[in-house]
Structure formats: structure tokens, C-alpha cells
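# Structural overview for review
Now for the letters of each chain:
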Amino acid sequence: MGPKVFRAMIEIGFIIFLFYSNLLMGEFERSNGQHRTLIAAIEDIFTFTNFLIALLSAFVGYVVFEFLRRKF
């Protein structure tokens, strides 16, 4: 694998990490102190649909930032 592909994978992975951490924080905020466990919150956010959204968002974010990086 070339360095460009490795860099893209790292950037896309970081965007996915941010997506899931935001979902996790929102899940705990939405529970309003109902004493939900971390495992229950993780089960709610790690779904196939959320993964597809994260992957698509990460790819779009990567393309936009690469465009901006090259333009400026």
C-alpha cells in the first residue's frame, strides 16, 4: 500500500471514530440519567445503518478536505 492510501485510511478512520464518539455522547445525553450502561449504549449505536452512514460521511469528508487541501 502506498502512503496516500495509508493516509486516506487513517483520515477516514478518524472521521468514523469522531462519528461514533458523537453518537455515544448523544446516547448518554438522551438517556437523561436513566442509569444506562456503556454496553447498552454501544449496542444501540453500533448498527449496520450507523456504520453505512459513518462510512459514507467519512468518505465525503475525506474528499472535501482533500479538495480544500489542494486548493489552498
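Details of the structure are given in the entry above.
Because the structure is a prediction, the values reported are computed rather than measured. (Residues numbered from 1 in each chain as written. Predicted model: local features only at pLDDT ≥ 70, side-chain atom pairs only at ≥ 80, totals over all residues. Heavy atoms only, no water.)

Take the environment of leucine 38 next. One can find leucine 38 in helix H2 (residues 38-45). We classify leucine 38 as partly exposed; its relative accessible area is 45%. As for leucine 38 and glutamate 27, which are separated by 11 residues in sequence, their C-alpha atoms are 9.7 Å apart. (Helix = DSSP H or I, 4+ residues; strand = E, 2+ residues; numbered from the N terminus. Buried < 20%, exposed > 50% of the residue type's maximum accessible area, 1.4 Å probe, protein only.)

By secondary structure assignment, the location of valine 64 is in helix H3 (residues 48-71). You can call valine 64 partly exposed: its relative accessible area is 41%.

Next up on the list: the packing of helix H1 (residues 3-30) against H3. Between H1 and H3, the least distance of the axes is 9 Å, while the angle of their chain directions is 130°. Between H1 and H3, the angle is such that the two are oblique. The handedness of the crossing between H1 and H3 is right-handed. In this structure, H1 uses Lys4, Arg7, Ala8, Glu11, Ile12, Ile15, Ile16, Phe19, Tyr20 and Leu23 to contact H3, whose residues at the interface are Asn50, Phe51, Ile53, Ala54, Leu55, Ser57, Ala58, Phe59, Gly61, Tyr62, Glu66 and Arg69. Of the residues that constitute the contact of H1 with H3, the class distribution is 14 nonpolar, three polar and five charged. (Axes fitted to C-alpha atoms, helices over the stretch in contact; angles between N-to-C directions. Parallel < 35°, antiparallel > 145°, perpendicular 65-115°, else oblique. Left-handed = near helix turned anticlockwise from the far one by under 90°. Contact = heavy atoms within 4.5 Å. Nonpolar A, V, L, I, M, F, W, Y, C, P; charged D, E, K, R; others polar.)

A complete count under the given rule lists five salt bridges for this structure. For glutamate 66, the salt bridge is made with arginine 7, and the minimal N-O distance between the two is 3.7 Å. In this pair, glutamate 66 is assigned in helix H3 and arginine 7 in helix H1, connecting sequence segments 59 residues apart. Relative accessible area serves as the criterion here: at 10%, glutamate 66 is assigned to the buried category. When the shortest N-O distance is used, the salt bridge between arginine 70 and glutamate 66 registers 3.6 Å. Placement of both arginine 70 and glutamate 66 in helix H3 is noted, with a separation of four residues, approximately one turn of the helix. What emerges from the salt-bridge pattern is a single network uniting Arg7, Glu11, Glu66, Arg69 and Arg70. (Salt bridge = Lys/Arg side-chain N within 4 Å of Asp/Glu carboxyl O.)

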